[in-house]
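Analysis of the macromolecular model
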Amino acid sequence: MKIITHFILFSAISLSFVFCSSKANKTEPSIECGKIIEHMLCKKDKSTNYALYLPSNYDSSKTYPVIIAFDAHGDGLIPVKLFKDEAEKFGYIVAGSNNSKNGLSLDVTNAIYQSMITDIRERFSINESRIYTAGFSGGSRVASSIAILNGGIAGVVGFSGGFPNLNQPIKSKFDFLGVVGSSDFNFTEMTQLDKDLQTNGFTHYLLIFDGKHEWPKSEVIPDIFYWLEFCSYRNKLSPINEKVISDFETKNQKEMDNCKSKNNAFGEYKLLQKIIGYLNNVKDIEKYKSRLNELEKSTKVQNELKLVEIDAQKEQSLQNYYIDALNKNDIIWWEKEVKKINNLITQNNNNRQGFMYQRVLSYLSMAGYSFSNNILQSGQLDQAQHYISIYAIIDPENTNPQYFQAVLYSMKSDTAQVFKSLEKVIDLGFNDLNKMQNDVNFTKFQSMPEWIKLMDKISKVKK
């Protein structure tokens with residue numbers, strides 16, 4: 001009897017898998033549901049591919065919302081992995097571009113999107129009124145530009161990056177969720193964009209998490225899908241699911257109760273802003289508005305809001321001061337100054353001022369990259385050494401300063417120092433084999449045994 005039962009169970013599982021697979025695609029029954037596919041080659045554009053996730057209950061007789069995501073470095077697998085669990089829960093198709101990356105023109109990235117959406121439309125059953133774009137850093141600007149230039153996008157989720165400078169009006173408004181780390185150097189940009197969207201009548205919210213300039217941790221992702229779901233209710237694109245609303249309220253009420261127990265009025269105030277921003281025009285939120293107005297008048301919240309504004313002004317002032325210092329001050333001065341900033345971060349660990357100083361340091365790292373890269377390309381080698389050395393002091397765990405140093409030594413034809421610098425790059429965790437092999441600065445070294453050893457070492461790092 002056990003054998004028969006096991007056979008029936010196995011057969012049922014096998015049939016359900018075949019059923020799912022057969023419906024996963026109108027013409028390609030081999031595509032699996034509930035499993036990440038790293039490379040889906042576009043049928044009509046063999047130069048374009050994307051990572052993909054189809055929910056396990058995918059059925060081509062129904063339509064599904066789709067998120068098309070863009071990583072700053074062309075790694076579509078990152079957002080697909082990150083969104084997978086919530087996409088499964090809420091029934092979304094997720095596709096992450098493996099081609100779009102920083103440095104490409106908007107015309108090129110828009111063409112990549114067009115190839116992707118054409119392929120997805122032909123292969124899968126999607127809800128045309130619920131196409132969303134998302135992206136990190138430069139990928140966020142790509143996601144926004146697609147919505148601005150093309151229209152037809154229900155919403156954009158912009159991680160750590162705002163709108164591109166297109167100098168043209170937006171064809172049709174879209175909902176926008178900004179997501180940024182409290183220590184992100186783009187924090188100020190994202191907060192300003194949030195204010196601008198309010199002025200221009202967008203449905204918007206800025207979700208802040210505890211982190212740097214990075215894709216957020218997985219615990220942030222449910223709030224992103226709550227936002228997308230509530231926007232679809234608000235815009236009458238899908239029927240209201242009361243359980244989803246209840247789950248969101250319960251989750252945030254627990255956090256508010258925790259703030260109350262710690263006498264954290266400002267924490268409760270921020271959570272109320274979030275609930276109102278998410279549920280506005282979705283359900284009655286008068287009780288939340290009433291409590292928000294009550295807290296807004298309190299001395300604690302008023303004082304905190306003033307301090308936030310003071311910190312924003314100070315951050316801008318420090319950015320300007322240090323950018324000027326990049327040109328004027330020597331290595332010894334920078335060693336002392338970076339040590340001072342790091343001490344201030346430690347002294348203000350996990351508080352408002354600590355985050356502000358972390359953002360300043362992150363901003364300086366970005367500036368160090370930009371200055372070093374531009375001066376290297378101009379061939380001003382002595383000046384490039386100045387910026388690269390400061391960049392290494394500002395961000396010692398970053399692989400880019402040592403990579404730039406290797407490029408500089410290559411330009412000086414100092415073979416021994418090239419390999420020493422590349423060794424340091426790999427020791428810091430660099431594993432982009434293709435970048436190093438395709439870099440013309442290193443072509444003349446690629447027949448040397450030292451180079452072969454380095455390539456072997458990178459291959460081990462990747463594993």
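Residues numbered from 1 in each chain as written. Predicted model: local features only at pLDDT ≥ 70, side-chain atom pairs only at ≥ 80, totals over all residues. Heavy atoms only, no water.

This brings us to the packing of helix α11 (residues 331-347) against helix α12 (residues 352-378). Their axes nearest at 8 Å, the elements α11 and α12 cross at an angle of 145°. Pair α11 / α12 crosses with left-handed handedness. Between α11 and α12, the residues in contact are W334, V338, I341, N342, L344 and I345 and G354, Y357, Q358, L361 and L364, respectively. Split by residue class, the contact of α11 with α12 holds 8 nonpolar, 3 polar and no charged. (Axes fitted to C-alpha atoms, helices over the stretch in contact; angles between N-to-C directions. Helix = DSSP H or I, 4+ residues; strand = E, 2+ residues; numbered from the N terminus. Left-handed = near helix turned anticlockwise from the far one by under 90°. Contact = heavy atoms within 4.5 Å. Nonpolar A, V, L, I, M, F, W, Y, C, P; charged D, E, K, R; others polar.)

What follows is about the environment of D194. Checked against the element boundaries, D194 lands in helix α5 (residues 187-199). Placed 17 residues apart in sequence, D194 and L177 show a C-alpha to C-alpha distance of 9.0 Å. Not counting chain neighbours up to four residues away, the residues in contact with D194 comprise H204, Y205 and L206.

To continue, consider the confidence of the model for the protein chain. On average, residues of the protein chain score 91 in pLDDT, and 92% of them are at 70 or above. Low confidence marks residues 1-19, where pLDDT is under 50. Its contacts with residues over four positions away, or in another chain, come to 1 contact. In this model, residues 21-27 is a region of pLDDT below 50 whose contacts with residues beyond four sequence positions or in other chains number 24 contacts. (pLDDT = per-residue confidence, 0-100.)

The subject of this paragraph is the pairing of strand β4 (residues 93-97). The two faces of the sheet receive side chains in turn, since in a regular strand these alternate between them. Among the 5 residues that make up β4, 5 are buried, leaving the element largely enclosed by the rest of the structure. Pairing between strand β2 (residues 49-53) and β4: 4 bridges, direction antiparallel. Residue pairing across strands places Y50 opposite S97, the latter belonging to β4. Bridge analysis of strand β3 (residues 64-70) against β4 gives 5 bridges, and the strand direction is parallel. Bridging from a neighbouring strand, I68 pairs with A95 of β4. Regarding topology, helix α2 (residues 77-90) serves as the crossover connection from β3 to the parallel β4, and that connection is right-handed. (Buried < 20%, exposed > 50% of the residue type's maximum accessible area, 1.4 Å probe, protein only. Pairing = 2+ DSSP bridges. Right-handed = clockwise from strand over helix to strand, strands pointing away.)

Take unusual backbone geometry next. Phi angles above zero are rare outside glycine, and K236 is one such case at about 55°. Mapped onto the secondary structure, K236 falls in the loop between α6 (221-234) and α7 (242-261). Overall, K236 belongs to the exposed group, its relative accessible area being 74%. One non-glycine residue, N263, adopts positive backbone phi at about 55°. Its place among the elements puts N263 in the loop between α7 and α8 (265-279). Residue N263 is classed as exposed on the basis of its relative accessible area, which comes to 54%.

The next subject is the sheet that holds strand β8 (residues 204-209). Spatially, 8 strands are ordered β1-β2-β4-β3-β5-β6-β7-β8 in an open sheet, and the strand pairing comes out mixed. The sheet is open, and its two edges are formed by β1 (37-41) and β8, each paired on a single side. Here the average twist between neighbouring strands, direction ignored, is 25°. Across the face of the sheet, helix α3 (residues 106-123) comes into contact with β1, β2, β3, β4 and β5 (126-136) while running at roughly 145° to β5. Packing against the sheet, α5 makes contact with β6 (155-159), β7 (175-181) and β8, and its axis sits at approximately 160° to β8.

Another point: the side chain of R130. Position of R130 relative to the elements: it lies in strand β5. Polar contacts involving the side chain of R130 include one to the side chain of Y132, which spans 2.9 Å. Residue contacts for R130: discarding those within four places in its chain leaves P65, V66, Y92, A154, L228, E229, S232, L237 and S238. (Polar contact = N/O pair within 3.5 Å; in protein donor to acceptor, adjacent residues only side chain to side chain.)

Here we come to the packing of α8 against helix α9 (residues 286-296). Packing of α8 against α9 leaves a shortest axis separation of 9 Å and a crossing angle of 145°. Every pair of crossing elements has a handedness; the one defined by α8 and α9 is left-handed. In this structure, α8 contributes A265, E268, Y269, L272, Q273, I275 and I276 to the contact, and α9 contributes Y288, K289, R291, L292, L295 and E296. Grouping the constituent residues of the contact of α8 with α9 by class yields 8 nonpolar, 1 polar and 4 charged.

A few words on α6. Spanning 14 residues, α6 covers 20 Å between terminal C-alpha atoms, matching the ideal 20 Å at 1.5 Å per step. α6 sits mainly inside the fold: 13 of its 14 residues count as buried. (Expected span 1.5 Å × (residues − 1).)

On to helix α4 (residues 138-150), then. The end-to-end C-alpha separation of α4 is 18 Å, in line with the 18 Å expected for 13 residues at 1.5 Å each. Across the 13 residues that make up α4, a large majority, 10, are buried. By the burial criterion, the buried members of α4 are G138, G139, S140, V142, A143, S144, S145, I146, A147 and I148. The inward-facing, buried residues of α4 contact β3, α3, β5, β6 and β7. Backbone geometry just downstream of α4 places G151 in the positive-phi region, at approximately 70°.

With that settled, the discussion passes to the nonpolar core. The biggest cluster of nonpolar side chains holds 55 residues, and the ones touching the most others in it are F83, F159, L177, V179, F230 and Y278. Not counting residues within four places of it along the chain, the set of residues in contact with L177 comprises V156, V157, G158, Y205, L207, I224, W227 and Y278. Of all hydrophobic cores here, the second largest spans 43 residues; its members include I345, Y403, Y409 and I458. (Core = buried A, V, L, I, M, F, W, Y, C linked by side-chain atoms within 4.5 Å.)

Moving on, we come to the packing of aromatic side chains. Inspection of the entire model under this criterion finds 35 aromatic pairs. Between Y58 and F124, the aromatic rings sit 6.4 Å apart at their centres with planes inclined by 90°, giving edge-to-face as the arrangement. One end of the pair, Y58, is in the loop between β2 and β3; the other, F124, is in the loop between α3 and β5, with 66 residues separating them in the sequence. By relative accessible area, which is 3% here, Y58 ends up buried. On the basis of relative accessibility, which here comes to 1%, the residue F124 falls in the buried class. Both rings, one in F230 and one in F248, keep their centres 5.1 Å apart while their planes meet at 80°; by these two values the pair is edge-to-face. Pair noted here: F230 is in helix α6 and F248 is in helix α7, with a separation of 18 residues, a long-range link. Under the relative-accessibility criterion, F248 is labelled buried at 0%. One cation-aromatic arrangement involves R234 over W227; the distance from NZ or CZ to the ring centre is 5.5 Å. (Phe/Tyr/Trp six-rings, centres within 6.5 Å; stacked < 30°, edge-to-face > 60°. Lys NZ or Arg CZ within 6 Å of the ring centre and 35° of its normal.)

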